[in-house]
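# Notes for the structure review
Here are the chains, one letter per residue:
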Amino acid sequence: MAKPEPPAASTRSGGNLRVVGRALPKIDAVSKVTGRTRFADDLFLPRMLHSRMLRSTSPHAEIRAVDTSRAESMPGVAAVLTGKDLPIPYGILPVSQDEHALCFDKVRFIGDPVAAVAAVDEETAEEACRAIDVEYAELDPVASIGDALDAEDPEIHLYGDGHNVHKAVALEFGDVEAGLAKADLVLEDTFFYEGNTHLPMEQHAALAEWRPDGKLTLWTSTQTPHYVHRALARVLEVPASRIRVIATPNGGGFGGKSDPFNHEIVVAELSRRTGRPVKICLTREEVFYCHRGRHPVLMWMKTGFRKDGSITGMHFRSYLDGGAYGSYGVASTYYTGALQTVTYPVPAYRFEGLRAFTNKPPCGPKRGHGTPQPRFALEVHVDKAAERLGLDPAQMRLDHLVPPDSVTANYMKVGSMGLGACIEKVVAASGWHDKHGKLPEGRGVGLACGSYISGAGLPIYWNAMPHSGVQLKLDRGGGVTVFCGSTDIGQGSDSILAYVVAEILGVDPFEIDVVTADTSLTPVDLGSYSSRVTLMSGNAALQAAERARELLVQALAEAWQIPGSRIALAEGRAMDVEDPDRSMSFAEAVVVAEAKFGTIGTVGSYTPPASPGRYKGAGVGPSPAYSYAAAVAEVTVDPATGETRVDEVWIAHDIGRAINPVVAIGQVEGSVYMGLGEALMEEMTYRGNRNVVHRHPSLLEYKSPTTHEMCRIHTFLVEDPDPNGPFGAKEVGQGPLLPIPPAIVNAIHDAVGVRVDEVPVTPQKVLTALKRKAKGEEPREGPAGVPQFAWPEAVRVPPPWAGGDGRASDDPRHVGAGGVRGSVPGSVPGSVPA
Amino acid sequence: MGLTGTKHGCELGECGTCTVLVDGRPVLSCLAVPAALEGREITTVEGLESALGLHPLQTAFVELGAAQCGYCTPGFLLASSALLEETPDPTREEIVDALGGNLCRCTGYLKIYEAVELAAARMRGEDVQPAEETLYGEA
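Residues numbered from 1 in each chain as written. Chains lettered and ligands numbered in written order. Predicted model: local features only at pLDDT ≥ 70, side-chain atom pairs only at ≥ 80, totals over all residues.

## Some thoughts on the confidence of the model for chain A
All names here are of chain A. When pLDDT is averaged across chain A, the result is 95; 96% of the residues are at 70 or more. Scored below 50 in pLDDT, residues 1-14 shows 25 contacts in the model against residues more than four places distant or in partner chains. The low-confidence segment residues 817-827, where pLDDT is below 50, has 17 contacts with residues more than four positions distant or belonging to other chains. (pLDDT = per-residue confidence, 0-100. Contact = placed C-beta atoms within 7 Å.)

Okay, structure coming up:
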């Protein structure tokens, strides 16, 4: 099959780069359009058995007895497992090892797995599951944060920061009360962001083969093979060296395949017991129970503004409904408070957050992990402030931007910062100044911004090793193979590796073999989460490729008796730039190098720079680079039905540099789409039995945008290379989602003059607000307040401009408390030069 | 038969990932009754390629990044090819309608529309390349 001809390089691609910056096809695109990509459920092994799991029908109960005898005696059934067969708990975070592959003593939500069967086919396994009798002793279900905090209700877990409180945090950076006292306007708001789910088109699936040599291979649809590897070793009590995890291409992830999952452990154990390969593919309903999606978050925010729109202090509280297990929840909680400071300077900041356990499917990381909710709150809050202060919301933001190369109150180190350019792009392109406040009733525009990490600064489990590793092999036939633990979930990470290596070695990226996401063959990359892969595996690939290039150059310099600086690698050849007649093919150059050095292989690795924050909780939020985005949404609201239609979105994203612009635009458009769904329709809601039965665990009823709801999008890539990114690249997979829900909600206000302080903005909520407006009441729909909670004593951390050194003031190592270092000349309140 | 292109998405006829063509018309295979298909011509994504190579729709999807994870892609390609058989020069609205039964969680559909338009133009014999702003963003 002919490979697609790459289009001519754009005049907009940078400098002397030949691959980076060009809109090339992805290296796996032909496999995808021909249906030949092998997803986990496409795999088949001889003598393979099929597995199904029995799931709890009770939201909260003790397991009195499980009788598997009828199932075990059924023809075609090879093995049956219950909780006692896999007694070791696990979880993605070391501090929340609270899951069992099959419920051990208790079930905690409807859908929690209780038993599993391996049988000759799925139908037999399903029938055997139905023949398993479980005796439950029902407990009262905990349905909401309010329930969870009620001491009368039973506890879901016996660990955490209080009765059904998984995590409670309080941090204060500077004197917020003093900041609020200096304000011309103090604004107080409550917001709610409903939970929603990833809904990847591919259901989770896994295939395990326990071989006669006692080694296990697991193929699985996961974003994080390294963490699955660790969980399997722990629960199965087998050395990690005997386990190989291969992540199959993910048919969409969005964060939903980032935890180690019960079904992955179950098929491995079933394979060990039966001596046969065992596969499972979840049903769509089961995917809703796996969840780990967007946390429902209730938020309260109080901010002081000066007349010019600058912020004097901010106090923010978040209340996360975590569902039944820990998952990434501790990180999610911190993330709701971490990035409020990286867009507009906040000179004093207090954050309090709690995550409650409830008897619902566990929440976790979804695209933007913990940050779309507070970003929605902040951007709507700022829009209200601009209105009250009589300022243009775009200009107010432009006037108060965190400067590049600075450190915020909570010690986030900002490098490149292109938000101003993003705002200017979307303001000009959308015709903002001719539209805002000027469109006919029922039509409006709204603007919002956002920022996201390009990879988390710290790993999930503490260690000092690299976050990403690459091995590169050059063979004497001219072949180049890249080995990396990174996982392509459709975002194109395999292609990014090929482009980076091709750029450095001067070869065709479509000639490179990329081997990824295999714990036996590839060096560790922590996984496809936190928008880390382009920056981290890209940097590791860059280092490995530069080292390989150096070997080739040294060998050729010796062979040709010229300085290495005269040797160029390009277009699949090596040449002397001062005598172009002296050249050879890349393959011949590898032969010269292999003759001199032996087998040619190099490695590269990447570890993020240390963050200036040293307080407890400082591990969440730091990143090698922050992306920025600004969006304008134009909407039409029908006042008769309350229905909102998004007509057009203009979005500019500060990506540092686009390694491949068409792939980057795909990420922007996909983020806008997902943000639009969250803003207008997507919700994980519950009914019945004290509100813990999933309302719609099917694609028939869970509403997501179809082609008919999708709007026109104008995408602008703002390129200002960041020194920490490979070729200057920052993230693009998650950040562009963040401004969309608040831009839409701000546009609804511009259209019909009502504030809907919660998403999704259903027609009913708009109608309620319009009715209140007609009656002369506050034209608003949203949460009335927040629950009472006794927050822990805040960890006080003096900001950099108050002499802080990144440590808490009660930390004995803290120096400089009391303003010893004073403020830095030329600094803006809310950030200091790094 | 070992054909991996036709996917399992929702079991309910809601997502379109299992789309196949039956006598040239898109059908959700998860809802199809095998007995009703006897003697009829079924085309899966594997049938879009010919000895000449990729179908123009496949080429356009490759060029524009219209396949991200690729799971829904076979369904979109088949629904699009059925559209172009009947409507060689579809408007954007006709494309939106024709693909309204297929869900994609990655792309936001826009690159898919643009790929269908590009392929349609080429199938009409026009010598066209992707627009600069499609590949590189607006200036």
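## Here's the deal with the interface of chain A and chain B
The partner chain B presents 49 residues to the 58 residues of chain A that form the contact. Ranked by the residues each element gives to the side of chain A that touches chain B, the list is headed by helix 17 (residues 661-680) of chain A, at nine residues. Counted by class, the side of chain A that touches chain B contains 28 nonpolar, 20 polar and ten charged residues. (Helix = DSSP H or I, 4+ residues; strand = E, 2+ residues; numbered from the N terminus. Nonpolar A, V, L, I, M, F, W, Y, C, P; charged D, E, K, R; others polar.)

## Looking at the pairing of strand 14 (residues 311-321) of chain A
Looking along a regular strand, one sees side chains alternate from face to face of the sheet. All names here are of chain A. In terms of burial, strand 14 is largely enclosed, as eleven of its eleven residues are buried. Two strands pair when backbone bridges link them, and strand 13 (residues 297-305) and strand 14 are joined in this way by nine bridges, in the antiparallel orientation. Across the sheet, the residue bridging to Val297 is Leu320, located in strand 14. Once strand 13 ends, the chain turns through five residues before running back antiparallel as strand 14, passing Gly309 with a positive phi of about 95°. (Buried ≥ 20, exposed ≤ 12 C-beta atoms within 10 Å, placed from the backbone. Pairing = 2+ DSSP bridges.)

## Some points on the sheet that holds strand 2 (residues 61-67) of chain A
Residue and element names in this part refer to chain A. A sheet is described by the order of its strands in space; here three strands give the open sequence 4-2-6, paired in antiparallel fashion. Only two strands of the sheet have a single neighbouring strand rather than two, namely strand 4 (106-107) and strand 6 (133-138). Looking at chain direction, strand 2 and strand 4 are connected through two bridges and run antiparallel. Its bridge partner lying in strand 4, Ala61 is registered against Val107.

## What to know about the packing of helix 1 (residues 56-64) of chain B against helix 4 (residues 110-123) of chain B
Residues and elements named next belong to chain B. As a packed pair, helix 1 and helix 4 sit with axes 8 Å apart at the nearest point and diverge in direction by 135°. In terms of orientation, helix 1 and helix 4 fall into the oblique class. As helix 1 packs across helix 4, the resulting crossing turns out to be right-handed. Taken together, the residues of helix 4 that come into contact with helix 1 (itself represented by Pro56, Leu57, Ala60, Phe61 and Leu64) are Lys111, Glu114, Ala115, Val116, Leu118, Ala119, Arg122 and Met123. Among the residues forming the contact of helix 1 with helix 4, the class breakdown is ten nonpolar, no polar and three charged. (Axes fitted to C-alpha atoms, helices over the stretch in contact; angles between N-to-C directions. Parallel < 35°, antiparallel > 145°, perpendicular 65-115°, else oblique. Left-handed = near helix turned anticlockwise from the far one by under 90°.)

## Topic: the sheet that holds strand 32 (residues 758-759) of chain A
Residue and element names in this part refer to chain A. The strand order across the open sheet built from seven strands is 32-8-13-14-15-7-34, with neighbouring strands paired in mixed fashion. For this open sheet the edge positions go to strand 32 and strand 34 (795-796), each flanked by a neighbour on one side alone. Running over the sheet, helix 10 (residues 372-389) touches strand 8 (185-193), strand 13, strand 14 and strand 32 and is turned about 145° from strand 8.

## Some points on the packing of helix 6 (residues 225-236) of chain A against helix 7 (residues 262-274) of chain A
Residues and elements named next belong to chain A. Remark: helix 6 packs on helix 7, axes separated minimally by 10 Å, with the N-to-C direction vectors making an angle of 50°. Here helix 7 runs oblique to helix 6, going by the angle between their axes. In terms of crossing hand, the pair formed by helix 6 and helix 7 is right-handed. Residues Val228, Ala231, Leu232, Val235 and Leu236 of helix 6 touch helix 7, and the partners they reach there are Glu264, Ile265, Ala268 and Glu269. Residue composition of the contact of helix 6 with helix 7, grouped by class: seven nonpolar, no polar and two charged.

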